[in-house]
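# An overview of the molecular structure
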Amino acid sequence: MRVLLVEDESELANNLRRALSEDGHAVDIAGDGESGESLARGGGYDVIVLDRMLPKRNGVHVVENLREAGVSTPVLFLSALGEEDHRIEGLNAGSNDYLVKPVSTRELLARVRALWNGRDREAPATRLSVGDMEMDLLARTITRGGKKIDLQPREFRLLEYLMRHAGEVVTRTMLLEKVWDYHFDPQTNVIDVHISRLRAKIDKEFSKPMLHTVRGSGYRLDA
Amino acid sequence: MPLALPKLASIKWARPAFLRPDFWRRLAQRTIMLRTVTFRLALVQIGLFAVFSLALLGFVYYATVVQTQAEADASVDQEFTELEKVYDKDGMNALNQEVFERASSAGPQLYILANKEGEIVAGDFGAFPQLPTGASQRVPFEYKTLGPDGKTEVNRARGRIGRVGNGPILLVARDMANSSVLVGRVTRAVYFGAGLGFILSLISGYFASRQAARRAEALSRTAQDVMRGDLTRRAPVVGANDEFDTLAQDLNAMLDRIERLMRSARTAGDAIAHDLRTPLTRLRSRLEAAIESTPNEEADREALRRALEETDSLLATFTAVLRLARVQSAAGWQFQRVDLSAIARDLVEFYEPVAEDGGVSLASDIEDGLFAPGEASLLTQALSNLIENAIKYTPAPGRVHVSAKRGERIVLSVADTGPGVPPEERERVIDRFVRLETARSTPGAGLGLSLVAAVAEVHRADLKLEDGLGGAAGPGLRVTLTLPVLAAKG
């Protein structure tokens, strides 16, 4: 996919470009808010990664202008300002995700992919299915290979998120933010424990495991 | 070629005092009274006093002058009527006799009687002040007499003149000398009183305003001393329990808080230096060793991996420090209605699996509908820190109990069966960055309670550390947050 990267710090920009290219994306770089906005208006991008504090035009204004002009390309903020109010301000401006610098490359790659894929998948669905696993969002039931699986409400939401992003790497921070809506770093491996509980329920009695740990990154649900 | 002008500054001459810059400054300082609010109030007071005095003077004038004139007029009218009756009944001779008798008796009464043709036949004067035109009429007039010292005196009188029954002309009048004396005395007394009052109110205004100005100056001096850097200075509280005392107390409370913040900022600076510099040094020496050792791919990768880990933990500390600073700066938090029951329940559910994995049972007793004014993300993080700390410090097998209850206020508490905190350390443990020596081995623990303390302060909540549930490891720890209840929605 095509990614527009608006970042004024050239070394960081080049590192991110390399990482995104290696992940299979075509990357354009803009060094300030103005040129970033005009490139984005030109269209043709699948995801925009936008620094917040940019020369010439603030990233928040760039997003506001783009949304006003009807450009709906998903925007991922990459910012050094990481408090709750900053995050809310960024999301309110019209961005789709907010990452605080410094960020690990893997986290960024996972978020970019999730943003692009998420465009279609966040659409209201009543059923999700991955491999032999079926989720009925209305009846709130899950079956795998026709066998019913009982989950706690939070486990249900965790699995729903993983299913919506099946085949993609999902990081711990993404799960923390999207499933629990928590925006702090737990000092314990609490996410891993939740995952292993879920795994015990959905994988244990089946020959083919679906929920995989991606070392150093997070988790991935495969068909 | 430009004209060479003599440099003004080089001319030396003795400058008069009023040309020296500090002369005017000093004069301005000396006349500072004129600029103070209290002095202006004193001026208003004097102005009001003047208005009241004037009104009083007017009243006294009316009560004496106008009233005496009216009384004189009434008695003149009455006498005129009496004399008319004498004429009507007994004729000219009787009137003549009556006027003669009355004129010779002592008193302020004055008379003139003339016959039909206008020739004066009896009375005090040889001529009328004015002649009657038709009906009888009032006449204020002046007449001259020779005083005992031979000087001419001008006297004022008020009378009535007219023809009596188409016959003789009669003037009945009252000398006003006595009433003039009275009016003069009263007027003088009022003037004197007003003057005295004016001077007294000037003096009292001066002292009142000087007193107020002095106390305002004392407050201002305190502020200036603090600005110069002496944070230990406090404003004097006189004990008069007035606005100045309230202001001084508020100022002092503010200074206490600033001093506390400054001190904590200073210790925080040291703590940041320690918490960041130590791992940075370790990171640096590790990288240095990796570069200088003989290249070995496996060892190098391991060094890089560890350097990355170290960087992440540094960043976590850094983020925590920033967050703490931001919470403490307090500005910008918009308080909303926060559902503490939901927050507590979600967190217990969130941490329950990890506690169980560590051999600690996480139980809870959370009442429904606990709403407090606050910032949800901060309260979530504070409670999460408390639960996380409790789980971390409680050895297996152990218990952690989270409770949320409502009494007069909302009481959130997290209790554990861990080693606890000795009473003498409890104060210190809440201070920024202070970490119990025994806890040094657990990374990142130092900031947890500091953040809770900061969040508590922002929410005007009380934070208390007590003995917890007790167990094999020690007395345990109970951390209690007492928050205000959100007023019922109107």
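Residues numbered from 1 in each chain as written. Chains lettered and ligands numbered in written order. Predicted model: local features only at pLDDT ≥ 70, side-chain atom pairs only at ≥ 80, totals over all residues.

## Some thoughts on the overall build of chain A
- Along chain A, the regular secondary structure elements total eight helices and 12 strands.
- The burial tally for chain A puts 35% of its 223 residues in the buried class. (Helix = DSSP H or I, 4+ residues; strand = E, 2+ residues; numbered from the N terminus. Buried ≥ 20, exposed ≤ 12 C-beta atoms within 10 Å, placed from the backbone.)

## Digging into the overall build of chain B
- The number of helices and strands found in chain B is nine helices and 12 strands.
- Relative to its full complement of 490 residues, chain B shows a buried share of 25%.
- In chain B, 64% of the contacts between residues at least 6 apart in sequence involve partners at least 24 apart. (Contact = placed C-beta atoms within 7 Å.)

## Brief notes about the interface of chain A and chain B
- Facing 19 residues of chain A, the contacting portion of chain B comprises 20 residues.
- Taken together, the elements giving at least two residues each to the side of chain A that touches chain B come down to helix H4 (84-92) and helix H8 (190-202) of chain A.
- Broken down by element, the side of chain A that touches chain B gets its largest block of residues, four residues, from H8 of chain A.
- The residue makeup of the side of chain A that touches chain B, split by class, is seven nonpolar, six polar and six charged. (Nonpolar A, V, L, I, M, F, W, Y, C, P; charged D, E, K, R; others polar.)

## A word on the nonpolar core
- Leu50 and Leu76 of chain A together with Leu340, Tyr351 and Ile387 of chain B are the most contacted members of the largest nonpolar core, which has 100 residues in total.
- Apart from the residues within four sequence positions on either side, Leu76 of chain A is in contact with Val47, Val49, Leu50, Ser95, Asn96, Asp97, Leu99, Arg111, Val112 and Leu115 of chain A.
- Judged by nonpolar contacts, the second largest core, of 21 residues, contains Leu83, Ile161, Val164 and Leu170 of chain B. (Core = buried A, V, L, I, M, F, W, Y, C linked by C-beta atoms within 7 Å.)

## Examining the packing of H8 of chain A against helix H6 (residues 340-357) of chain B
- Axis separation between H8 of chain A and H6 of chain B bottoms out at 8 Å; the angle between their running directions is 85°. Taken together, the axes of H8 of chain A and H6 of chain B are roughly perpendicular relative to one another. From H8 of chain A, Val190, Val193, His194 and Arg197 of chain A reach across to H6 of chain B, where they touch Phe350, Tyr351, Pro353, Val354 and Asp357 of chain B.
- Among the residues forming the contact of H8 of chain A with H6 of chain B, the class breakdown is six nonpolar, one polar and two charged. (Axes fitted to C-alpha atoms, helices over the stretch in contact; angles between N-to-C directions. Parallel < 35°, antiparallel > 145°, perpendicular 65-115°, else oblique.)

## Brief notes about the pairing of strand S1 (residues 2-6) of chain A
Residue and element names in this part refer to chain A.
- Burial analysis of S1 places four of its five residues in the buried class, the great majority of the element.
- With five bridges connecting them, S1 and strand S2 (residues 26-30) associate as parallel partners. For Val3, the partnering residue across the bridge sits in S2 and is Val27.
- The β-α-β motif built from S1, the intervening helix H1 (residues 10-22) and the parallel element S2 has right-handed crossover chirality.
- Here four bridges tie S1 to strand S3 (residues 47-51), and the two strands are oriented parallel to one another. Paired with Leu4 across the two strands is Ile48, which belongs to S3. (Pairing = 2+ DSSP bridges. Right-handed = clockwise from strand over helix to strand, strands pointing away.)

## Re the packing of H6 of chain B against helix H7 (residues 376-393) of chain B
All names here are of chain B.
- For the pair H6 and H7, interaxial distance at closest approach is 10 Å and the crossing angle is 35°. Classified by chirality, the crossing of H7 by H6 is right-handed. Seen from H6, the contacting residues are Leu340, Ile343, Ala344, Leu347, Tyr351, Val354 and Ala355; seen from H7, they are Ala376, Leu379, Thr380, Leu383, Ser384, Ile387, Glu388 and Ile391. (Left-handed = near helix turned anticlockwise from the far one by under 90°.)

## Quick look at the sheet that holds strand S7 (residues 360-366) of chain B
All names here are of chain B.
- If you trace the five strands from one edge of the open sheet to the other, you get S7-S9-S10-S12-S11, paired in mixed fashion. Among the strands making up the open sheet, the edge pair consists of S7 and strand S11 (462-467). Between one strand axis and the next, the sheet turns by 10° as a mean value, whatever way the strands run.
- By the bridge criterion, seven bridges tie strand S9 (residues 398-406) to strand S10 (residues 410-416) in an arrangement that is antiparallel. By the bridge assignment, Arg406 is partnered in S10 with Ile410.
- In the packing of H7 onto the sheet, the strands contacted are S7, S9, S10 and strand S12 (477-483), and the crossing angle to S10 comes to about 20°.

## A short note on the environment of Asn117 of chain A
Residue and element names in this part refer to chain A.
- If you trace the backbone, Asn117 turns up in helix H5 (residues 105-121).
- Spatially, the C-alpha atoms of Asn117 and His165 are 7.6 Å apart, while their sequence positions differ by 48 residues.
- Residues in contact with Asn117, not counting those within four places in the same chain, are His165 and Glu168.

## Points about H7 of chain B
- Between its first and last C-alpha atoms H7 of chain B spans 26 Å; for 18 residues at 1.5 Å apiece the expected length is 26 Å, and the two agree.
- Judged by how many residues are buried, H7 of chain B sits mostly within the fold: 17 of 18 residues are covered. (Expected span 1.5 Å × (residues − 1).)

## Things to note about unusual backbone geometry
- The step from Lys101 of chain A to Pro102 of chain A runs through a cis peptide bond, and the omega angle for that step is -10°.
- Along the chain, Pro102 of chain A falls in the loop between strand S5 (97-100) and H5.
- Between Ala396 of chain B and Pro397 of chain B the backbone carries a cis peptide bond, its omega angle lying at -10°.
- In this fold, Pro397 of chain B is placed in the loop between H7 and S9.
- Positive phi values are uncommon outside glycine, yet Lys56 of chain A reaches one of about 70°.
- Topologically, Lys56 of chain A is positioned in the loop between S3 and helix H3 (59-68).
- Backbone geometry at Arg460 of chain B places phi at a positive 50°, although glycine is not the residue there.

## Regarding the confidence of the model for chain B
Residues and elements named next belong to chain B.
- Per-residue confidence for chain B gives a mean pLDDT of 79, with 86% of residues at or over 70.
- Of the regions scoring below 50 in pLDDT, residues 1-11 engages in one contact with residues more than four places distant in sequence or in other chains.
- For residues 433-445, every residue scores under 50 in pLDDT, and the model assigns this stretch 23 contacts once sequence neighbours within four places are set aside.
- Across the interface, the model reports ipTM at 0.79; the global pTM reads 0.61. (pLDDT = per-residue confidence, 0-100.)

## Brief notes about the sheet that holds strand S12 (residues 218-221) of chain A
Residues and elements named next belong to chain A.
- Within the open sheet, the three strands sit side by side as S10-S12-S11. Their pairing is antiparallel. Here the strands that pair on one side only, and so sit at the sheet edges, are strand S10 (170-171) and strand S11 (211-214).
- Bridge count between S11 and S12: four bridges; the pairing is antiparallel. Residue Thr213 lies in a different strand from S12, and its bridge partner there is Tyr219.

## Brief notes about the environment of Leu261 of chain B
Residue and element names in this part refer to chain B.
- Its location among the elements puts Leu261 in helix H4 (residues 243-292).
- The exposure class of Leu261 is partly exposed, given the 14 C-beta atoms found within 10 Å.
- Sequence separation between Leu261 and Gln328 is 67 residues; the distance between their C-alpha atoms is 8.8 Å.

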